[in-house]
Amino acid sequence: MVSEGMELARGEVRQSRDIPEARRAMREALPVLDSRRQHAIALCLTEALANALKHAGGGCWQARQSGDTVRIIVQDRGPGIKTSELTRATLMQHYSTKNSLGCGFTLMLYYADRLYLNTGSSGTVLILDFGIMPAEGLTGLNQ
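Scoring rules and cut-offs
- Residues numbered from 1 in each chain as written.
- Predicted model: local features only at pLDDT ≥ 70, side-chain atom pairs only at ≥ 80, totals over all residues.
- Heavy atoms only, no water.
- 1 Å grid on protein atoms, 1.4 Å probe; cavity = no way out; pocket = protein on both sides within 12 Å on 5 of 7 lines; lining within 4 Å.
- Points joined across faces, edges and corners; volume = space filled by probe spheres on them.
- Helix = DSSP H or I, 4+ residues; strand = E, 2+ residues; numbered from the N terminus.
- Nonpolar A, V, L, I, M, F, W, Y, C, P; charged D, E, K, R; others polar.
- Core = buried A, V, L, I, M, F, W, Y, C linked by side-chain atoms within 4.5 Å.
- Buried < 20%, exposed > 50% of the residue type's maximum accessible area, 1.4 Å probe, protein only.
- Contact = heavy atoms within 4.5 Å.
- Pairing = 2+ DSSP bridges.
- Axes fitted to C-alpha atoms, helices over the stretch in contact; angles between N-to-C directions.
- Salt bridge = Lys/Arg side-chain N within 4 Å of Asp/Glu carboxyl O.

Asker: Looking at this model, I keep getting lost on the layout of surface pockets. Mind explaining?
Answerer: Using a probe with the size of a water molecule, rolled over the atoms, empty space left in the structure can be pinpointed. Counted as a void, the second largest pocket has a volume near 170 Å³. The wall of the second largest pocket is formed by E12, G59, C60, Q75, D76, R77, N118, S122, G123, T124 and V125. Elements with a contribution of two residues or more to the lining of the second largest pocket: β2 (59-66), β3 (69-76) and β5 (123-131). Considering each element in turn, the lining of the second largest pocket owes the most residues, three residues, to β5. The residue inventory of the lining of the second largest pocket, partitioned by class, reads two nonpolar, six polar and three charged.

Now the structure itself:
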């Protein structure tokens, strides 16, 4: 899943100032999407990167396109989400093991069409799929 489709953008997050750069790169990679969909994708990328930074000290991300789907992949080398915390951490709004609002997964689940999660002691991989349609009147993503 992490290598399907064409790469649109990639980067790393090591500190909080890397997150706005990731959003900018993502927006530049998707210039003709409806602004609401583009905002949803950027928001989910932000939440996923904030989680990687908070819980694993950073990670890497990439965006790929396959047909009418944009896939965001965020990987880290942190301790993973504890099995005992997994349900609460991913499904319970406002739950957090760190000092935060605990809304990241809630937002990602709301906006993404599919969310895949693989977590363990050697790190976490989060994949978010978004169905895309070009902005009204445009026929292709790269026009």
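Asker: How should I be thinking about the nonpolar core in this particular structure?
Answerer: Counting 29 residues, the largest nonpolar core has M26 and W61 as its most contacted members. Of all the secondary structure elements, the ones that give two or more residues to this core are β1 (6-13), α1 (18-29), α2 (35-56), β2, β3, α4 (104-111) and β5. What W61 contacts, discounting residues up to four positions off in sequence, is A9, R10, G11, E12, A22, A25, M26, L45, L49, I73 and V74.

Asker: Got a minute to help me understand the sheet that holds β1 in this structure?
Answerer: Note: strands within a sheet are paired through backbone hydrogen bonds, in either parallel or antiparallel orientation. The strand order across the open sheet built from five strands is β1-β2-β3-β5-β4, with neighbouring strands paired in antiparallel fashion. The open sheet has two free edges, formed respectively by β1 and β4 (114-120), since each of these has just one partner strand. For this sheet the average axis-to-axis angle between neighbouring strands, irrespective of direction, equals 10 degrees. Here β4 pairs with β5 via seven bridges, running antiparallel. Residue T119 lies in a different strand from β5, and its bridge partner there is T124. Packed onto the sheet, α2 meets β1, β2, β3 and β5 and runs at close to 10 degrees relative to β3.

Asker: Just checking my understanding: could you explain the pattern of salt bridges for this structure?
Answerer: Should the charged atoms of two oppositely charged side chains come close, the side chains can pair. Within the structure shown, the criterion is met by 10 salt bridges. In this structure, E28 and R24 form a salt bridge, with 2.5 Å as the shortest nitrogen-oxygen distance. Note that E28 and R24 are positioned in helix α1 at a spacing of four residues, about one turn of the helix. Relative accessible area serves as the criterion here: at 53%, E28 is assigned to the exposed category. By relative accessible area, which is 36% here, R24 ends up partly exposed. The salt bridge partner of D129 is R71, with a shortest N-O separation of 2.6 Å. Of this pair, D129 sits in strand β5 while R71 sits in strand β3; the two residues are 58 residues apart in sequence, bridging distant segments of the chain. For R71, a relative accessible area of 10% translates into the label buried.

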